[in-house]
Amino acid sequence: MPKGGWREFSGPDSLERPEAASATTPKALQKVRVQRTRAGKGGKLVTAITGLEAAEAEARQLLKRLKATAGTGGTLKDGVIELQGDHVAAALAALEKDGYRPKQAGG
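The shown structure was predicted, so the numbers you read here are calculated from the model rather than taken from an experiment.

Asks: Go over the nonpolar core, please, and point to the residues and values.
Replies: Buried together is how nonpolar side chains tend to be arranged in soluble globular proteins. By size, the foremost hydrophobic cluster in this structure holds 17 residues, and its most contacted members are Ile49, Leu66 and Ile81. For this core, the element with the highest residue contribution is helix α2 (residues 88-97), accounting for five residues. Beyond its immediate sequence surroundings of up to four residues, Leu66 is in contact with Ile49, Ile81, Leu83, Ala91 and Ala94.

Here you go:
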């Protein structure tokens, strides 16, 4: 019996990765959380929106609408939308209008 790797991992079919599911979760079923935070922002208050499962372009369009609604600046970092200042109520209303079911997280 020759020495070597495991037989179950030596075939070409075992090295193939499974295909990712292309279907995203519907907006109403996503766990979107809106919270105000100061963590890592030098004491500045920001409104963070997490849990969005959207494509980059769609998230950018949502960010643009949220910034216009809140009348403030903001950014998209690692899938988290950050709005400058305390705009939790405005963000919750805008997300509900867009079809999401957001919840306020934190205090």
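Anyway, onward from the coordinates.
Asks: Give a description of the packing of helix α1 (residues 56-70) against α2 that names residues and reports values.
Replies: The description of two helices packed together rests on the angle between their axes and the distance between the axes. Closest axis-to-axis distance for the α1/α2 pair is 10 Å, and the angle between their directions is 130°. Here α1 lies oblique to α2, going by the angle between them. α1 and α2 meet at a crossing whose hand is right-handed. In contact with Leu62, Leu66 and Thr69 of α1, α2 contributes Ala90, Ala91, Ala94 and Leu95.

Asks: For the environment of Leu52, give the residues involved together with the corresponding values.
Replies: Here Leu52 lies in the loop between β2 (46-50) and α1. Residue Leu52 is classed as buried on the basis of its relative accessible area of 16%. Sequence spacing of Leu52 and Lys27 is 25 residues, and the spatial spacing of their C-alpha atoms is 8.5 Å. Beyond its immediate chain neighbours, meaning those up to four positions away, Leu52 contacts Gln30, Val32, Leu62, Ile81 and Tyr100.

Asks: An account of the pattern of salt bridges is needed here, citing residue identities and associated values.
Replies: Tallied over the entire structure, the rule returns five salt bridges. Lys27 serves as the salt-bridge partner of Asp98, at 3.8 Å between the closest nitrogen and oxygen. Taken together, the residues span a long stretch of sequence, with Asp98 in the loop between α2 and β5 (103-104) and Lys27 in the segment before β1 (33-37) at a distance of 71 residues. A cluster of three or more residues bridged by salt bridges with shared partners is formed by Lys27, Arg65 and Asp98.

Calculation criteria
Residues numbered from 1 in each chain as written. Predicted model: local features only at pLDDT ≥ 70, side-chain atom pairs only at ≥ 80, totals over all residues. Heavy atoms only, no water. Core = buried A, V, L, I, M, F, W, Y, C linked by side-chain atoms within 4.5 Å. Buried < 20%, exposed > 50% of the residue type's maximum accessible area, 1.4 Å probe, protein only. Helix = DSSP H or I, 4+ residues; strand = E, 2+ residues; numbered from the N terminus. Contact = heavy atoms within 4.5 Å. Axes fitted to C-alpha atoms, helices over the stretch in contact; angles between N-to-C directions. Parallel < 35°, antiparallel > 145°, perpendicular 65-115°, else oblique. Left-handed = near helix turned anticlockwise from the far one by under 90°. Salt bridge = Lys/Arg side-chain N within 4 Å of Asp/Glu carboxyl O.

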